[in-house]
Amino acid sequence: MDKPLSSILGAAVRNARVRAGLTQEDVAERIGMASEVYGRMERGQMLPRVENLRRLCLVLNVPPDELLGLESMGESKGELPWEEAKPRGDDSADMRRLLRRLRRLNATQVKLLSLIAGAMMNKGRPGKARKRTALRELD
């Protein structure tokens, strides 16, 4: 991501406000912020406090991932890396620990780990030599 978060958020807030048919003054009043301050936020010159980000989501009826620029990442690249790694109620402590660690990996590390996991699952199954060869190439 080359754009600073303040610019991403400002553009997303402006787009959501326009879609909702509201003025800057309308939104500023509804979230309890001075309209001048709200204008600076839309121009990407500042970030809101977490409380105001929540209020923005409610007033503009948009999820926080859209305002933070994460929604477009998910649409362009498939699912976000951590979306499939949500813990379930029946997960063991080891599985939850693994999922927490997985969330800290970069895209290359996740891809490598996926290859390793796939190779482990296919070990000893006929016709899976291609994946084992791909792993050897990583050495």
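Going by the structure above, here's the rest.
Structural notes, computed from the coordinates. Every value quoted in this text rests on a predicted model; they were computed, and no experiment measured them.

1. Re the overall build of the protein chain
Along the protein chain, the regular secondary structure elements total 9 helices and 0 strands. Here the analysis covers contacts within the protein chain between residues at least 6 apart in sequence; of these, 43% occur between residues at least 24 apart. On the protein chain, roughly 10,100 Å² of surface is accessible, and the fraction owed to carbon and sulfur atoms is 53%.

2. Some words on the nonpolar core
If you look at the biggest cluster of nonpolar residues, it comprises 17 residues, and the most contacted ones within it are Val 13, Tyr 38, Leu 56, Leu 60 and Leu 67. Mapped onto this core, the elements with two or more residues apiece are helix H1 (5–20), helix H2 (24–31), helix H3 (35–42) and helix H4 (50–60). If we ignore the near neighbours within four places in the chain, the residues touching Leu 60 are Val 13, Ala 16, Arg 17, Leu 22 and Val 27.

3. Regarding the packing of H1 against H3
Between two packed helices, the angle of one axis relative to the other and the distance separating the axes together describe the packing. Running from N to C, H1 and H3 cross one another at 115 degrees; their axes reach a closest spacing of 7 Å. Classified by the interaxial angle, the pair formed by H1 and H3 is roughly perpendicular. Contacts between H1 and H3 involve Ser 6, Leu 9, Gly 10, Ala 11, Val 13, Arg 14 and Arg 17 from the first element and Tyr 38, Met 41 and Glu 42 from the second. Partitioned by chemical class, the residues of the contact of H1 with H3 number 5 nonpolar, 2 polar and 3 charged.

The rules behind the values
- Residues numbered from 1 in each chain as written.
- Predicted model: local features only at pLDDT ≥ 70, side-chain atom pairs only at ≥ 80, totals over all residues.
- Heavy atoms only, no water.
- Helix = DSSP H or I, 4+ residues; strand = E, 2+ residues; numbered from the N terminus.
- Contact = heavy atoms within 4.5 Å.
- Areas by Shrake-Rupley, 256 points an atom, 1.4 Å probe, with all protein chains shown as cover.
- Core = buried A, V, L, I, M, F, W, Y, C linked by side-chain atoms within 4.5 Å.
- Buried < 20%, exposed > 50% of the residue type's maximum accessible area, 1.4 Å probe, protein only.
- Axes fitted to C-alpha atoms, helices over the stretch in contact; angles between N-to-C directions.
- Parallel < 35°, antiparallel > 145°, perpendicular 65-115°, else oblique.
- Nonpolar A, V, L, I, M, F, W, Y, C, P; charged D, E, K, R; others polar.

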